[in-house]
Structure formats: C-alpha cells, structure tokens
Amino acid sequence: MSLSIGFIGLGNMGGPMAANLVKAGHQVKVFDLNRSVVNLLAENGAIAADDAKHCATDVDVLISMLPASKHVKSLYLGDTGLVHILAKSTLVIDCSTIDAASARDVGAELSEHGIDFVDAPVSGGVAGATAGTLTFIVGGGDEQFAKAQPVLADMGKNIFHAGDIGAGQVAKICNNMLLSILMAGTSEAIQMGINNGLDAKVLSDIMTASSGRNWTLELYNPCPGVMATAPASNDYKPGFMVDLMAKDLGLAMEAAQQSNSVTPMGSMAKNLYTMLQHQGAGSEDFSAIFKLFSKE
Ligand code: NAD
C-alpha cells in the first residue's frame, strides 16, 4: 500500500533509508538541516520539505533518524515541538539510537496528544540501509508495532518487537556495546598478528574460519587493505562514526549503572572510544579504533 511518509534526518543512514521508501512506491517528503542531502533525494523522486513542520504535515507516517536524544527531544517536544502540529492519525517512528528514557518521554507526550509512537533503532550499518536489509528493533504497543511493520519492511529484512516503548533502545545498546568490544578485540588480535610477522588478510581469513569469527571480521575488517569495501580501506570514511559509537557506549554505561550490571568489557570499550575521540578521530568510522593498537 502506498503511503504518504515524512522523513527527517537524511545522514549516512537516513538518506539511503528514505531512498528505499521512494523505491517502494511511497510518496516521501524529506527534511534535513543539510540542504544538499534534501536536494539529492528530491532529484531521486522525494519531495523536498522546507522545514520539519512542513515535512510532518499531511503524512500517514513520520520517521526520524537523528544523531542523539537531544535532537529527537527538541524535534518533538517543547513549545515548538512537532507534537503540537502532528495529526492524530500519524504514526511516528523514531529510528535514532537514543536512551530509553528519552524514547519513553517522547512516546508519552505524543500519546497524550493521541499520536501513536514506536522507537525502532536499527542495526546493519550504511550497507544494510542501502541494500534495504536493516534489522529494526521496535519498542511499542502491539497495535502500533503492527502499523509500523509494513513500512519498516520496505527498509529492512528483520523486524523484531522487543517490548514496550524504550525496549528497542535497550536491545540496541546491548548490541552496540558487544559490537564495540568485538571491534576492539578484532583490531587488537590482527595487530598482534602483524607484529608477529603475519599477513593481515591471511590472518583474517584464518580467524573468519575459526572460533574467533565475528561480524567485524566477516563484513567490516578494521585493518586497511584487507577488505576493499570496508571503511578501513577508504581512509576510515564513515560508515558509523566514532562519535556515535562513543555516544552509544555512554548510553550503555548509563543503562549498566541504572541496573547495577557488571560490564567491564563495555567500560573498557567506552574508554578506548573516548580516547580515540580525544585524538581527533570523532568523525572517522568506528573501525578506526584499529589505529590505537598500531606501534607506529
Ligand atoms: P549522521 O550524522 O550521518 O546523520 C544525522 C543527520 O541528521 C544529519 O544529516 C544532520 O544534518 C541531521 N539532523 C540533525 N539534527 C537535525 C534536525 N533537528 N532536523 C533535521 N535534520 C537534522 O548520523 P547517522 O550515521 O545517519 O546516524 C543516525 C542515527 O542512527 C544515530 O542515532 C546513530 O547512532 C544511528 N545508527 C547509525 C548507524 C551507522 O552505521 N551510521 C548504524 C545504526 C544506527
């Protein structure tokens, strides 16, 4: 069924996600503070909105894909928030990775105004966003999940209902904490192999076929030259920025503290990513953590 969809936040992830909705035959209105990405999508069949309010008007579904909680809260809440202009029939889907409490705040405020909301953070990176194979991890009521599912299916392959509003965010930060640990561990192991005379590609092939196998080795090798399509072989151009991984690890550490969880590996990964930010690599891809282990 063709829907009228508003899409706000057209960065590394939102841009290709919105493009897939256009390809699926929906009427897609797009907005971003960066005008050039709006124009690019408009050249490919989307409708350029002048501002967020224009983008959120007369749509069946409004999707946001923004960097962090503060952007999402200021978009929807407060005196100038979209909560005041959205039609009651609109379903709001926020795909950004933010803290669960902020997702619940946004959901509660929208629901007070009679507007349906789900949080639906994603996994799969820019490659998954482009191919339309993302994993969506949805938090919200059964009815709202059922409404969101067909729209999400036009951008992704696996759609999970994690629980009530906020549950999608909790699952997402558990995943990203594990991903950061795997990326750091994979980097450390490859560099140790290189330091002991091994070829990085040969070692990666061996570990991919052995018990150290993981997503970063298979699809996102952090060592330059091993995988031509990975950010590591393209000057660590993101992809998924160090700043965003550091943000997610901050959220993970908050969740750990609130639940009295023991997370020594996550805590170490948070420190390593903060160190990488201090070294000026915040806008590089998160696989740039490999550079921390270099002896040069
Ligand atoms: P990005 O920085 O590339 O894109 C964010 C976009 O939002 C930018 O184009 C920016 O101009 C726009 N923006 C910011 N504030 C805005 C506002 N008020 N109104 C309109 N536009 C606004 O980030 P990204 O990599 O696309 O990530 C987006 C979210 O997805 C983040 O929460 C991130 O943690 C999550 N995520 C990213 C990846 C990845 O691989 N990049 C994977 C999974 C999840």
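Residues numbered from 1 in each chain as written. Predicted model: local features only at pLDDT ≥ 70, side-chain atom pairs only at ≥ 80, totals over all residues. Heavy atoms only, no water.

### Some thoughts on the UniProt feature "domain: 3-hydroxyisobutyrate dehydrogenase-like NAD-binding" (unreviewed entry) in the protein
Turning to step 1, where the next piece is worked out: As annotated in UniProt, the feature "domain: 3-hydroxyisobutyrate dehydrogenase-like NAD-binding" (unreviewed entry) corresponds to residues 166–292 in the numbering used here.
Turning to step 2, where the next piece is worked out: Here residues 166–292 runs as 59% helix and 0% strand, with 34 Å between its end C-alpha atoms. (UniProt positions renumbered as here; feature names shortened; annotations may be inferred. Helix = DSSP H or I, 4+ residues; strand = E, 2+ residues; numbered from the N terminus.)

### Re the UniProt feature "domain: 6-phosphogluconate dehydrogenase NADP-binding" (unreviewed entry) in the protein
Turning to step 1, where the next piece is worked out: Per the UniProt entry, the sites bearing "domain: 6-phosphogluconate dehydrogenase NADP-binding" (unreviewed entry) are residues 4–163 in this numbering.
Turning to step 2, where the next piece is worked out: Between the C-alpha atoms that bound residues 4–163 there is a distance of 27 Å. The span itself is 39% helix and 25% strand.

### Observations regarding helix α8 (residues 167–195)
Turning to step 1, where the next piece is worked out: For α8, spanning 29 residues, the distance from its first C-alpha to its last is 42 Å, which sits close to the expected 42 Å at 1.5 Å a residue.
Turning to step 2, where the next piece is worked out: Of the residues one or two after α8, G197 is the one with positive phi, at around 90°. (Expected span 1.5 Å × (residues − 1).)

### As for the domain arrangement of the protein
Turning to step 1, where the next piece is worked out: Here the protein is partitioned into domain 1 (4–164) and domain 2 (170–293).
Turning to step 2, where the next piece is worked out: Taken over C-alpha atoms, the centre of domain 1 sits 27 Å from the centre of domain 2.
Turning to step 3, where the next piece is worked out: For the domain 1 face of the interface with domain 2, the top three residues by lost area are N12, T97 and I137, together amounting to 41%. (Domains from an automatic or database assignment. Buried area = accessible area lost by both parts, 1.4 Å probe.)

### With respect to the site of the ligand
Turning to step 1, where the next piece is worked out: In the vicinity of the ligand lie 24 residues, with N12, M13, D32, P67 and K247 positioned nearest.
Turning to step 2, where the next piece is worked out: Measuring from an oxygen atom of the ligand, one finds a backbone N or O atom of L66 at 3.0 Å.
Turning to step 3, where the next piece is worked out: Contacts to the ligand include G239, whose backbone N or O atom sits 3.1 Å from a nitrogen atom.
Turning to step 4, where the next piece is worked out: With the chains in place, 87% of the 840 Å² that the ligand exposes on its own is no longer accessible.
Turning to step 5, where the next piece is worked out: Residue assignment for the shell around the ligand shows that the elements contributing at least two residues are α6 (125–131) and α11 (242–258). (Near = heavy atom within 4 Å. Polar contact = N/O pair within 3.5 Å; in protein donor to acceptor, adjacent residues only side chain to side chain. Areas by Shrake-Rupley, 256 points an atom, 1.4 Å probe, with all protein chains shown as cover.)

### Some thoughts on the environment of P67
Turning to step 1, where the next piece is worked out: Its place among the elements puts P67 in the loop between β4 (61–64) and α4 (69–76).
Turning to step 2, where the next piece is worked out: For the pair P67 and L244, spaced 177 residues apart in the sequence, the C-alpha separation amounts to 7.3 Å.
Turning to step 3, where the next piece is worked out: Among residues more than four places away in sequence, those in contact with P67 are T97, L244 and K247. (Contact = heavy atoms within 4.5 Å.)

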